[in-house]
Amino acid sequence: MLLTLASATHGQGENPNTATIAIAGPMSGTSVSVGTQFQAGVRAAIALETDGTLLGKKLIVTEFDDRCRANIALSVAEEVVRQEPKLVIGHSCSTSTLATAPVYAAQEVLQITPASTDPNITELGLKTIFRMLGRDDQQGQLAAQHILEHFPEARIGILRFPTSYSIGATEEAMQVLERAGAEIAQMTQAVASATSYLEQVLLMMEANVDVVYVVGGVLDIGVFTRQASMLRADFRIISADSLISSTFPSITGPEADDVMFTFPAEIDNQVSPERFSEIAQAIYQHRNVEARGYALLSFAAVQVWIEGVNRAGSFAAAEVAAAIRESTIETIIGDVSFDEKGDITTDYPNFTWHIWRDGESHVME
């Protein structure tokens, strides 16, 4: 599970001459593209934002694979804290972050997640955790508002999975829809990582739904979307941030076209074109990925930490966390600030609509 790409004293306490940054996320499996983006963003930020050192300490990066599974993530967290890192970038899946956050907090390790959206993460009352994007309740609200505006007379289907991520977003959406008097014609919960979702497709077709809001893993939604197309289902599919992964069109092929999902806005206009080009090149050099999505959020996470360390003049998690909350921080994704819970505030909405077309995701106008 440990992927160490730079030398570190493992399991032997802190080296006084180094500061370790641990990246924890899916480095294998169906969500590996997220882990790859984490790696690219973190390493590019260190290369461009520092000379390889911070407060006189050499920066070391270690990488851990949690496969987006909470039980594996908990074992990873126990291994991570033995390195006595100054920062953890991760995890990705909300269940993994929920499992690990108390471990890092207890060991006074600062944690910044570029991807976990479960509201419960920042409701834990931990002062040393931050996230770089919005929450599932915000995604659910946005989805419901879109359905009410664009499908005012629609019969609505909800497909969810037994994860806090999926349940949180869909519950919020259903509450907004029901308060507005919209008809939820079919709500069903499926098992994650199934080989087929034909049963769920047929349930939606039998209920004559016009639009399906589905939140879950990208692989599962990809299979559902492909099978819906095979059965010539005529409902529209909309989803949430997991669909940013290129895994989605690789599973569905052309059936990905016109599938909408919520994700943070593309923010390459927050810096000069020259600066963005420099960052894009650095990100691509490190993992051959584009400067978007979780790569930019991971880059920004490192910027936030560096600024916090410089403000505090210390690596101590509590001091850095307090310094981060002091005032706005300039990052690649714009000026950001954080509330007492660790939730992010930006000058633009936390989420906007994206759409897949011809194998590429695009921000909707």
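Below is a summary of the structure that appears in this document. (Residues numbered from 1 in each chain as written. Predicted model: local features only at pLDDT ≥ 70, side-chain atom pairs only at ≥ 80, totals over all residues. Heavy atoms only, no water.)

### Concerning the side chain of Ser 116
- You can see Ser 116 is positioned in the loop between strand E6 (110-113) and strand E7 (129-131).
- The exposure class assigned to Ser 116 is buried, which follows from its relative accessible area of 0%.
- Reaching out from Ser 116, the side chain makes a polar contact with the backbone oxygen of His 91 at a distance of 3.3 Å.
- Among the polar contacts listed, one links the side chain of Ser 116 to the backbone oxygen of Ser 92, at a separation of 2.6 Å.
- In this structure Ser 116 touches His 91, Ser 92, Cys 93, Ser 94, Thr 97, Ile 121, Arg 131 and Leu 133, once residues within four positions along its chain are discounted. (Helix = DSSP H or I, 4+ residues; strand = E, 2+ residues; numbered from the N terminus. Buried < 20%, exposed > 50% of the residue type's maximum accessible area, 1.4 Å probe, protein only. Polar contact = N/O pair within 3.5 Å; in protein donor to acceptor, adjacent residues only side chain to side chain. Contact = heavy atoms within 4.5 Å.)

### Focus on helix H7 (residues 218-230)
- For H7, spanning 13 residues, the distance from its first C-alpha to its last is 18 Å, which sits close to the expected 18 Å at 1.5 Å a residue.
- Residues of H7 that are buried in the fold lie against strand E8 (155-160), helix H6 (198-206), strand E10 (211-215), strand E11 (236-239) and helix H8 (247-252).
- Of the residues one or two after H7, Arg 232 is the one with positive phi, at around 60°. (Expected span 1.5 Å × (residues − 1).)

### Description of the nonpolar core
- Membership of the largest hydrophobic core comes to 103 residues, with the highest contact counts inside it found for Leu 110, Ile 112, Met 132, Tyr 213, Phe 235 and Trp 305.
- Examining the composition of this core, we find that twelve residues originate from one element, helix H10 (residues 293-312), more than from any other.
- Leaving out residues up to four positions away in the same chain, Trp 305 has contacts with Ile 21, Leu 54, Leu 59, Lys 86, Leu 87, Leu 110, Ile 112, Phe 315 and Val 320.
- Counting eleven residues, the second-largest nonpolar core is a separate cluster that includes Ala 22, Ile 72, Val 76 and Tyr 104. (Core = buried A, V, L, I, M, F, W, Y, C linked by side-chain atoms within 4.5 Å.)

### Topic: the environment of Ala 115
- Counting through the fold element by element, Ala 115 comes out in the loop between E6 and E7.
- Judged by its relative accessible area of 5%, Ala 115 is buried.
- Distance from Ala 115 to Phe 38, taken between C-alpha atoms, is 9.3 Å for residues 77 residues apart in sequence.
- Those residues in contact with Ala 115 that sit more than four places away from it in its chain are Phe 38, Ser 92, Leu 133, Asp 241 and Tyr 294.

### As for the sheet that holds strand E14 (residues 334-338)
- The strand order across the open sheet built from three strands is E13-E14-E15, with neighbouring strands paired in antiparallel fashion. The strands lining the two open edges of the sheet, one partner per strand, are strand E13 (329-331) and strand E15 (344-345).
- Two strands pair when backbone bridges link them, and E13 and E14 are joined in this way by three bridges, in the antiparallel orientation. Counterpart to Glu 330 in the pairing with E14 is Asp 335.
- Contacting E13 and E14, H10 crosses the sheet at an angle of about 145° to E13. (Pairing = 2+ DSSP bridges. Axes fitted to C-alpha atoms, helices over the stretch in contact; angles between N-to-C directions.)

So far we have only geometry, and geometry alone does not tell us how the molecule works.
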